[in-house]
Protein chains: 2
Amino acid sequence: MNRNLIILALACGSAVSALAAEPAPNGITLPEGYKDWRLLSTHFRTDNNTIRAVLGNDVAIKAAREGKTNPWPDGSVLAKLVWKAAKHEKWETAMEPGAFVHAEFMTKNTARFAATGGWGYARWLGQDQKPYGKDANFVQECVGCHTPVKDSDWVFTHPVKLP
Amino acid sequence: MNRNLIILALACGSAVSALAAEPAPNGITLPEGYKDWRLLSTHFRTDNNTIRAVLGNDVAIKAAREGKTNPWPDGSVLAKLVWKAAKHEKWETAMEPGAFVHAEFMTKNTARFAATGGWGYARWLGQDQKPYGKDANFVQECVGCHTPVKDSDWVFTHPVKLP
């Protein structure tokens, strides 16, 4: 392969990886533009030392601000972005996001996801956004963890209160 | 006062409190629409048990994504929203935002805020958004805490890395 072809191949590879993560095993695709979504909440997990931000698409933000989240309306998508927590080098009692762990999503579609409480679950791992799960049954793991909050429409996140 | 006048007075009172927080003692006004700004980072402070989200206005988000944050460009505004951390009732190792503590802002304007490193500081306390500080000298307290990060343009926040 000559030099120009190598450069072209590298450029195409980068473009593809930047544009398209593989769909999750249950067919859910990575929501476009989720990095621009607005804040629903943030969490710190002491058991696995991770820090998280939960963002919502426009439908979810509207529902949260109106207090209409039990149930969340169809079309709501919640994005949970997870990083390993790291000590801030200049403020030793502050934990900040370190390495990116994964992005995970809950998509409300009562009809499509009737078998899992009306929510479709998906997760993409790490900077290369590898879909989580060997097959579509991975969602049983999601549902298992979310069962304690079945009565709040399967959602742990309480939207933050602001003035 | 008859019933209609009472209703009118209550409605006006709500409208005023929702619309206008008092300016900070240094003349900085509460940025409009900051609740809709996008995510820069999130922190957990173990010393005072608070959990925080840092949002940026459009100028700040663009600078962060381009890695041009030392210095941050004029026009950048960073919003730090702070809540007391509370244990999630359904996941005992998860900390979530509880009572709202304050919203604080850094506004980059090299000329206007030359005396404080190019940044204007302001903070509004609690749900009633009471401006912090007895007079304009309150900013010395802000500058004092931010001095350890003077070399990173006085900003503690490292914008999060996402795929």
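These lines cover the structure that appears in this document, whether it is placed above or below. (Residues numbered from 1 in each chain as written. Chains lettered and ligands numbered in written order. Predicted model: local features only at pLDDT ≥ 70, side-chain atom pairs only at ≥ 80, totals over all residues.)

**As for the overall build of chain A**
Part 1 of the reasoning: Looking only at helices and strands, chain A has 3 helices and 6 strands in total.
Part 2 of the reasoning: For chain A, restricting intrachain contacts to residue pairs at least 6 apart in sequence, the fraction spanning at least 24 positions comes to 52%. (Helix = DSSP H or I, 4+ residues; strand = E, 2+ residues; numbered from the N terminus. Contact = placed C-beta atoms within 7 Å.)

**Let's talk about the relation of the copies chain B and chain A**
Part 1 of the reasoning: When chain B is fitted to chain A, the residual RMSD is 0.0 Å, and the transformation amounts to a turn of 180 degrees plus an axial shift of 0.0 Å. Within this description, the copies of the chain are treated as partners about a two-fold rotation axis. Closest to the rotation axis within chain B is the C-alpha of arginine 38 of chain B, separated from it by 2.9 Å.
Part 2 of the reasoning: Taken together, the interface assignments show that 100% of the residues at the interface of chain B recur at the interface of chain A, consistent with an identical surface on both copies. (Least-squares fit on C-alpha atoms with pLDDT ≥ 70 in both.)

**Quick word on the environment of lysine 35 of chain B**
Residue and element names in this part refer to chain B.
Part 1 of the reasoning: Structurally, lysine 35 can be placed in the loop between helix H1 (3–19) and strand S1 (38–45).
Part 2 of the reasoning: Note on lysine 35: 17 C-beta atoms within 10 Å, which makes it partly exposed.
Part 3 of the reasoning: A C-alpha to C-alpha distance of 9.8 Å links lysine 35 and glycine 56, two positions 21 residues apart in sequence. (Buried ≥ 20, exposed ≤ 12 C-beta atoms within 10 Å, placed from the backbone.)

**A word on helix H2 (residues 58–65) of chain B**
Residue and element names in this part refer to chain B.
Part 1 of the reasoning: Within H2 the residues assigned to the buried category are Ala60, Ala63 and Ala64. Buried positions in H2, seen along its axis, are confined to an arc of 100 degrees and lie on one side of it.
Part 2 of the reasoning: Those residues of H2 hidden inside the fold are in contact with S1, strand S2 (50–56) and strand S3 (77–88).
Part 3 of the reasoning: Count one or two residues on from H2 and you reach glycine 67, which has phi positive near 70 degrees. (Arc of directions from axis to C-beta.)

**Quick word on the environment of aspartate 151 of chain B**
Part 1 of the reasoning: Within the element layout of this structure, aspartate 151 of chain B appears in the segment after helix H3 (139–146).
Part 2 of the reasoning: For the pair aspartate 151 of chain B and alanine 21 of chain B, spaced 130 residues apart in the sequence, the C-alpha separation amounts to 33 Å.

**Observations regarding the interface of chain B and chain A**
Part 1 of the reasoning: At the interface, 36 residues of chain B touch 36 residues of chain A.
Part 2 of the reasoning: Counting only elements with at least two residues in the side of chain B that touches chain A, the list comes to S1, S2, S3 and strand S4 (91–108) of chain B.
Part 3 of the reasoning: Grouping the amino acids of the side of chain B that touches chain A by side-chain chemistry returns 19 nonpolar, 9 polar and 8 charged.
Part 4 of the reasoning: Where strand S1 (residues 38–45) of chain A lies against S4 of chain B, 2 bridges are found, and the strand directions are antiparallel. When the bridges of S4 of chain B are listed, arginine 45 of chain A appears paired with alanine 94 of chain B. (Nonpolar A, V, L, I, M, F, W, Y, C, P; charged D, E, K, R; others polar. Pairing = 2+ DSSP bridges.)

**Let's talk about the pairing of strand S3 (residues 77–88) of chain A**
Residue and element names in this part refer to chain A.
Part 1 of the reasoning: Relative to S3, strand S2 (residues 50–56) runs antiparallel, the two being bridged by 7 bridges. Bridging from a neighbouring strand, arginine 52 pairs with valine 82 of S3.
Part 2 of the reasoning: Adjacent in sequence and paired antiparallel, S3 and strand S4 (residues 91–108) are bridged by 2 residues.

**A look at the nonpolar core**
Part 1 of the reasoning: Counting residues in hydrophobic clusters, the biggest one holds 70 residues, and the most contacted among them are Leu55, Leu78 and Ala79 of chain A together with Leu55, Leu78 and Ala79 of chain B.
Part 2 of the reasoning: When sequence neighbours within four positions are dropped, the list of residues in contact with leucine 55 of chain B reads Leu39 of chain A together with Tyr34, Trp37, Arg38, Leu39, Leu40, Ala79 and Leu81 of chain B. (Core = buried A, V, L, I, M, F, W, Y, C linked by C-beta atoms within 7 Å.)

**Let's talk about unusual backbone geometry**
Residues and elements named next belong to chain A.
Part 1 of the reasoning: Looking along the chain, the bond that leaves asparagine 70 and enters proline 71 is cis, with omega of 10 degrees.
Part 2 of the reasoning: Not every positive phi belongs to a glycine, and aspartate 153 is a case in point at roughly 55 degrees.
Part 3 of the reasoning: If you trace the backbone, aspartate 153 turns up in the segment after helix H3 (139–146).
Part 4 of the reasoning: On the basis of neighbour count, aspartate 153 is assigned to the partly exposed category, with 17 C-beta atoms found within 10 Å.

**A few points about H3 of chain A**
All names here are of chain A.
Part 1 of the reasoning: Along H3, the residues classified as buried are Val139, Cys142 and His146. In an axial view of H3, the angular spread of the buried residues amounts to 55 degrees, which keeps them on one side of the axis. Facing away from the buried side of H3 by over 90 degrees, the exposed positions are Gln140 and Gly144.
Part 2 of the reasoning: If you follow the buried residues of H3, they end up packed against strand S5 (119–125).

**A short note on the pairing of S4 of chain B**
Side-chain direction in a regular strand flips from residue to residue, so the side chains alternate between the two faces of the sheet.
All names here are of chain B.
Part 1 of the reasoning: Looking at chain direction, S3 and S4 are connected through 11 bridges and run antiparallel. Along S4, the bridge assignment pairs leucine 78 with methionine 106.
Part 2 of the reasoning: Pairing between S4 and strand S5 (residues 119–125): 7 bridges, direction antiparallel. In the strand pairing of S5, phenylalanine 105 is matched with alanine 122.

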